[in-house]
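Each chain, written out:
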Amino acid sequence: MALPGMKRILLKLSGEALMGSSPFGIDPETVASMAAEVKEAKDRGLEICLVIGGGNIFRGMAGAAKGMDRAQADYMGMLATVMNALAMQNALEQLGVETRVQSAIEMDKVCEPVIRRRAERHMEKGRVVIFAAGVGAPYFTTDSGAALRAAEMKCDALLKGTSVDGVYNADPKKDPSAVRYDTLSYDRVLADNLKVMDASAVALCRDNHIPIVVFNIREPGNLARVLAGEGVSTVVGD
Ligand code: UDP
């Protein structure tokens, strides 16, 4: 699939993408290099919005596994995504990129609430909108948040930046014979339970015909290459 020609994209970064080589938390140098990639893509004339996960700080499932109430733990996870969003906003603004953070959990001292029409206006003005707190409800993930925002912002594609260069038939970090798919259908992803995004996110993209592009964000310059249709990725589509 040719990515050139796309006007508006949503980039989903997992929280882990902000850790760099640290085992936990936010590595400012890594966030700065991610921000530089976003700026480069924006400078090519793309409209970009971002969704950032929180797994580098807290995941609800991990809390629940240790005996916490799942919903309570999920709210903590959502708060973690707000911290990551603020870190990315800071890094983008240091590069001169105008941004707005909109959170699905209102906290008006630090960011705007999610208001679609306002987000639309920001993007028309060339600002990068960072959507935080996922869908704003427990038992969801930021993948679902990314699919939801990509649909409501009418994005041409959802780019999922991960630590592998696409979707494989087995875990490439464990099985050297694992094969990467160039393209996949949504239905195949769901039927084979392939690890792209969680099922609700994939179904939302399928129902709204939003291609999902899975690529390695840890490799410098990769976002630009993928957007130019040159990088290695797996494209999930109709
Ligand atoms: N979360 C949630 N609802 C949402 C989005 C996130 O409850 O709509 C919580 C959930 O506990 C999740 C955590 O926030 O584990 C961090 O998000 P996620 O695991 O998606 O982050 P990522 O894996 O992308 O870093």
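Residues numbered from 1 in each chain as written. Predicted model: local features only at pLDDT ≥ 70, side-chain atom pairs only at ≥ 80, totals over all residues.

As annotated in an unreviewed UniProt entry, the protein chain is Uridylate kinase from Sphingopyxis italica. UniProt, in its Sequence similarities (unreviewed entry) section for the protein chain, records the words "Belongs to the UMP kinase family." (UniProt positions renumbered as here; feature names shortened; annotations may be inferred.)

Caption draft 1: Fine view of the UniProt feature "domain: Aspartate/glutamate/uridylate kinase" (unreviewed entry) in the protein chain. UniProt's entry tags residues 7-216 with the feature "domain: Aspartate/glutamate/uridylate kinase" (unreviewed entry), counted in the numbering of this structure. Here residues 7-216 is 39% helix and 20% strand, with 21 Å between the C-alpha atoms at its ends. (Helix = DSSP H or I, 4+ residues; strand = E, 2+ residues; numbered from the N terminus.)

Caption draft 2: The arrangement of the nonpolar core in detail. By size, the foremost hydrophobic cluster in this structure holds 69 residues, and its most contacted members are Leu-10, Leu-50, Met-88, Ile-130, Leu-158 and Cys-205. Among the elements that take part in this core, helix α3 (residues 70-94) stands out by supplying 9 residues, more than any other. Non-local contacts of Met-88, meaning those with residues more than four positions away in its chain, are made with Val-31, Ala-35, Leu-50, Ile-52 and Ile-130. (Core = buried A, V, L, I, M, F, W, Y, C linked by C-beta atoms within 7 Å. Buried ≥ 20, exposed ≤ 12 C-beta atoms within 10 Å, placed from the backbone. Contact = placed C-beta atoms within 7 Å.)

Caption draft 3: Summary view of helix α1 (residues 28-43). Taking 1.5 Å as the rise per residue, α1 with 16 residues should run 22 Å; its terminal C-alpha atoms sit 22 Å apart, in good agreement. Regarding α1, the residues found buried are Val-31, Met-34, Ala-35, Val-38 and Ala-41. On an axial view of α1, the arc spanned by its buried residues comes to 115 degrees, and they lie on one face. Facing away from the buried side of α1, by more than 90 degrees, are the exposed residues Glu-29 and Asp-43. In this fold, the buried residues of α1 make contact with β1 (8-13), β2 (47-52), α3, β5 (128-132) and α8 (222-227). Phi for Gly-45, located one or two positions after α1, is positive at around 100 degrees. (Expected span 1.5 Å × (residues − 1). Arc of directions from axis to C-beta.)

Caption draft 4: Highlighting the site of the ligand. Within the structure, the ligand sits among 24 residues, and Gly-53, Gly-55, Gly-60, Gly-77 and Gly-134 are positioned closest to it. Counting only elements with at least two residues in the shell around the ligand, the list comes to α2 (60-65), α3 and α5 (142-152). Of all the elements, α3 adds the most residues to the shell around the ligand, at 5 residues. Classifying every residue of the shell around the ligand by side-chain character gives 7 nonpolar, 13 polar and 4 charged. (Near = placed C-beta within 6 Å. Nonpolar A, V, L, I, M, F, W, Y, C, P; charged D, E, K, R; others polar.)

Caption draft 5: Representation of the UniProt feature "binding site: ATP" (unreviewed entry) in the protein chain within the structure. When the UniProt feature table is mapped onto this chain numbering, "binding site: ATP" (unreviewed entry) sits at Lys-12, Leu-13, Ser-14, Gly-15, Gly-55, Arg-59, Thr-162, Tyr-168 and Asp-171. Judged by maximum C-alpha separation, these annotated positions cover 160 residues in sequence and are scattered in space, the widest gap reaching 24.4 Å. Assignment of secondary structure puts Leu-13 in strand β1. Other than its neighbours up to four places away in sequence, Leu-13 contacts Met-34, Leu-50, Ile-52, Gly-53, Gly-161 and Ile-217. Here Gly-55 lies in the loop between β2 and α2. On the basis of neighbour count, Gly-55 is assigned to the buried category, with 21 C-beta atoms found within 10 Å. For Gly-55, the residues in contact, after removing those within four places along its chain, are Ser-14, Gly-15 and Glu-16.

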